[in-house]
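Coordinate inspection notes
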Amino acid sequence: MPSEIFLRFFEGKEKALTFSYDDGVEADIRLMDLFNKYGLKATFNLNSGFFDTSVHARLSEEKMVSAFAQTNHEIAAHGHRHMSLTQLSTVCGIDEVFTNKKYLEQHFGKFVEGFAYPYGKFNKQVKAYLPLLGFQYARTAVKTHSFNLPEDFMEINPTSHHNDGDLTELANLFVNTYPHQNTKKRNPYLFFVFGHSYEFDDNDNWHIMENFARKVSCKQDVWYATNIEIVRYIKAFNGLTFSTDGMTVYNPSCLDVWLEHCGNLQCVPSGQTVKLR
């Protein structure tokens with residue numbers, strides 16, 4: 001008899017944590033240092049035509065490139081001039097996004113496959129052309145206050161903003177509960193935090209992120225990953241091919257994938273076919 005199959009993250013972990021921060025500002029450097037201190041991974045969404053302004057202390061072009069050049073965090077796109085794509089024609093919107101993507105790839109030497117909607121604004125037209133430009137996902141500003149996996153990669157809704165009043169409650173729930181202990185809902189947890197690092201300066205509340213990082217770091221059952229690492233992994237899991245009886249699975253992706261089946265944790269290596277226990 002076929003049994004339910006549940007995604008498990010890299011190395012079989014049942015939880016994942018990721019961060020997404022926008023705009024490329026001076027405070028991003030301090031935030032990166034904090035993430036590095038606690039072994040956390042994040043995605044920084046950068047513009048390519050909006051530099052060195054007094055508003056929120058945006059980095060100069062030279063300093064932005066230097067600050068993010070050697071980082072292990074993900075570089076993602078946020079529009080060339082941080083314009084609302086829903087207020088632009090389709091042609092101008094495509095140019096705004098493509099110019100941004102091309103600039104970031106040329107200056108950082110990395111594929112740029114993630115996008116954060118400026119002002120959180122998007123519509124059907126924007127969602128339709130982003131994949132055509134090579135984007136694997138796009139992040140909104142709609143908070144779910146849950147740990148659910150995304151169902152639409154062009155409309156990934158984060159769990160929480162760092163200033164949300166329930167951040168500590170969510171952190172406690174994330175750390176102290178476990179999907180495998182739930183007899184009915186064994187789906188993995190994805191905790192997705194977003195915001196702007198300049199808000200820590202504006203509100204003088206860097207302690208919020210320091211306390212949060214201390215609470216959620218160094219957990220053996222948590223995968224600390226960038227946005228694109230999580231998206232690629234979920235897509236690899238979704239791409240598994242199963243036999244009609246559900247007991248044989250083939251992994252056509254370039255990533256090893258873990259799953260839980262009948263209470264057993266099992267790896268399906270890249271390019272291989274395995275029998276489920």
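Quick caveat: nothing in here was measured; it's all calculated off a predicted structure.

With that settled, the discussion passes to the packing of aromatic side chains. Here the structure, examined in full by the defined rule, presents 22 aromatic pairs. Pairing F174 with Y189 gives two aromatic rings, centres 6.4 Å apart and planes at 40 degrees, and the pair type is tilted. Placement of the pair is F174 in helix α5 (residues 167-176) and Y189 in strand β8 (residues 189-195), with a sequence separation of 15 residues. Classification of F174 as buried rests on a relative accessible area of 1%. Residue classification places Y189 among the buried positions, given a relative accessible area of 16%. Over the ring of F135 we find K101, and its NZ or CZ is 5.7 Å from the ring centre.

Our focus in this paragraph is the pairing of strand β4 (residues 74-77). Here β4 shows no split at all, with E74 and A76 on one side and I75 and A77 on the other all buried. Sheet analysis places strand β3 (residues 42-46) next to β4, joined by 4 bridges and oriented parallel. The residue of β4 that forms the bridge with T43 is E74.

Moving on, we get to the pattern of salt bridges. For the structure on display, the rule yields 15 salt bridges. Between R232 and E113 there is a salt bridge, and its shortest N-O distance comes to 2.2 Å. With R232 in helix α8 (residues 227-238) and E113 in the loop between α3 (90-108) and β5 (114-116), this pair connects stretches of sequence that are 119 residues apart. Classification of R232 as partly exposed rests on a relative accessible area of 38%. Exposure remark for E113: the relative accessible area of 15% places this residue in the buried category. In this structure, the salt-bridge partner of K127 is E155, at a minimum N-O distance of 2.7 Å. Residue K127 is located in helix α4 (residues 124-132), and its partner E155 is located in the loop between β6 (137-139) and β7 (160-161); the two are separated by 28 residues in the primary sequence. The class of E155 is partly exposed, set by a relative accessible area of 29%.

What counts, and at which threshold
- Residue numbers here run from 1 along each chain, matching the order of that chain's written sequence.
- The model is predicted, so local features are restricted to residues of pLDDT at least 70 and side-chain atom pairs to those at 80 or more, both for listing and for counting; the totals for chains, interfaces and linings are taken over all residues.
- Side-chain figures throughout are based on the complete set of non-hydrogen atoms in the structure, without hydrogens or water.
- Two rings from Phe, Tyr or Trp (for Trp, the six-membered ring) form a pair when their centres are within 6.5 Å of each other. A pair whose planes differ by under 30 degrees is stacked, one over 60 is edge-to-face, and the rest are tilted.
- Runs of E in the DSSP output that reach at least two residues are strands. Runs of H or I that reach at least four are helices, and both are numbered from the N terminus.
- Burial classes follow relative accessibility: with a 1.4 Å probe on protein chains only, a residue under 20% of its type's maximum area counts as buried, one over 50% as exposed, and anything between as partly exposed.
- Counted as over-ring charges are cases with an Arg CZ or a Lys NZ within 6 Å of the ring centre that also lie within 35 degrees of the ring normal.
- By this definition, two strands are paired if DSSP reports at least two bridges between them.
- Basic side-chain nitrogens of Lys or Arg form a salt bridge, by our definition, when they fall within 4 Å of a carboxyl oxygen of Asp or Glu.

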